[in-house]
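Descriptive analysis of the structure
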Amino acid sequence: MVFKNISRIKSALPEVKHIVMFYNNGTIFQTTFEQSINIPKLGENLAGTLNHIRSLYEICNYKMEPYRKLIFETEDISVIILKLGEDSNIALFFEREEDKELRLYAIRRYISKIENLIDMKEEQLVLEEILTKEKELEKVRNLFQVNQEKVQQIIEKLKIIDKNENLEESKQLEKQLISLNEDSSKLEKEINTIQEAISQLRQNIEKQTL
């Protein structure tokens, strides 16, 4: 599973500060970065880095596919990007060794360990994302159900209340009803969006098995 592999990498390589697993289109499906980081932008730039290298190879008339790894080293932090599956990649951010010989050894060691640790296939990654989406879908459906129950309760109250004697209460209930109906509409759209995403992921698996 994706979570298990990230945990294994962090345990085996304590030097690794952050891990990002992402698709070629820039979608990040797992990362150790906090939400304070612009995650979509992070994925977009990682994918863009690979796309720029592909363009470079095309300009030079070199064959790019399939790439295996990309290493970018700076003074303090270095990045290794490895290919996971047909459409997925992993980027590892780690602290650079000061000594040049140790640095080269560390990079080889990191790559060797990572390649041994990562034993997942593209289909497994998609299945993991489907499971995550399904849990998210169940949560939103539950919220929608609770919302609908509240709507029904207010409708029942409005049926029995005397609007002439309880004008203010009636107005408050109607406002609540409008707000709840707006929330229901948003939740319904969110449910449809998640269902479409799950359907697309399942289609991707079917394509891989053909």
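Our subject in this report is the structure included herewith.

The rules behind each value
- Residues numbered from 1 in each chain as written.
- Predicted model: local features only at pLDDT ≥ 70, side-chain atom pairs only at ≥ 80, totals over all residues.
- Heavy atoms only, no water.
- Pairing = 2+ DSSP bridges.
- Helix = DSSP H or I, 4+ residues; strand = E, 2+ residues; numbered from the N terminus.
- Axes fitted to C-alpha atoms, helices over the stretch in contact; angles between N-to-C directions.
- Contact = heavy atoms within 4.5 Å.
- Core = buried A, V, L, I, M, F, W, Y, C linked by side-chain atoms within 4.5 Å.
- Buried < 20%, exposed > 50% of the residue type's maximum accessible area, 1.4 Å probe, protein only.
- Domains from an automatic or database assignment.
- Salt bridge = Lys/Arg side-chain N within 4 Å of Asp/Glu carboxyl O.
- Polar contact = N/O pair within 3.5 Å; in protein donor to acceptor, adjacent residues only side chain to side chain.

With antiparallel pairing, five strands are arranged side by side in an open sheet as β2-β1-β5-β4-β3. Edge strands, defined here as strands with exactly one partner in the open sheet, are β2 (28-31) and β3 (69-73). Each strand axis lies, on average, 15° off the axis of its neighbour in the sheet, ignoring direction. Against the sheet, helix α2 (residues 39-59) contacts β1 (16-23), β2, β3, β4 (77-83) and β5 (88-95), and its axis sits at roughly 75° relative to β1.

Bringing the pairing of β3 into the picture now. Sheet topology places β3 next to β4; five bridges connect them, and they run antiparallel. Its bridge partner being in β4, lysine 69 is matched across the sheet by leucine 82. As consecutive antiparallel partners, β3 and β4 are separated by three residues.

The subject of this paragraph is the nonpolar core. Ile9, Val16, Ile19, Met21, Ile90 and Leu92 are the most contacted members of the largest nonpolar core, which totals 24 residues. Mapping this core onto the domain boundaries places at least three of its residues in each of domain 1 (2-119) and domain 2 (124-209). Leave out the neighbours within four places in its chain, and valine 16 touches Lys10, Leu92, Phe93 and Phe94. Counting residues in each nonpolar core, the second largest holds 14 residues, with Val20, Ile28, Leu46 and Ile81 among its members.

The subject of this paragraph is the pattern of salt bridges. The full count for this structure, using the stated rule, is three salt bridges. A salt bridge links lysine 41 to glutamate 44; its shortest N-O distance comes to 3.5 Å. You can see lysine 41 and its partner glutamate 44 sitting in helix α2, three residues apart, about one turn around the helix. Judged by relative accessible area, which is 45%, glutamate 44 ranks as partly exposed.

Below, the discussion takes up the side chain of asparagine 147. Inspection of the secondary structure assignment puts asparagine 147 in helix α4 (residues 122-160). Judged by its relative accessible area of 9%, asparagine 147 is buried. If we skip the residues at most four places from it in the chain, asparagine 147 touches Leu180, Asp183, Ser184 and Leu187.

Turning our eyes to something else, we now look at unusual backbone geometry. The phi dihedral of asparagine 61 falls on the positive side, at around 60°, and the residue is not glycine. With respect to the helices and strands, asparagine 61 occurs in the loop between α2 and β3.

Position of isoleucine 198 relative to the elements: it lies in helix α5 (residues 167-209). Isoleucine 198 gets classed as buried once you look at its relative accessible area, which sits at 4%. Between the C-alpha atom of isoleucine 198 and that of isoleucine 130, which follows or precedes it by 68 residues, the distance is 5.9 Å. Not counting residues within four places of it along the chain, the set of residues in contact with isoleucine 198 comprises Ile130, Lys133, Glu134 and Leu137.

Moving on, we come to the environment of tyrosine 67. Assignment of secondary structure puts tyrosine 67 in the loop between α2 and β3. When the C-alpha atoms of tyrosine 67 and arginine 54 are compared, they prove to be 9.1 Å apart, with 13 residues separating the residues in sequence. In this structure tyrosine 67 touches Leu50, Arg54, Ile81, Leu82, Lys83 and Asn89, once residues within four positions along its chain are discounted. For tyrosine 67, the side chain forms a polar contact with the main-chain oxygen of leucine 82, separated by 3.5 Å. A polar side-chain atom of tyrosine 67 sits 2.7 Å from a polar atom in the side chain of asparagine 89.

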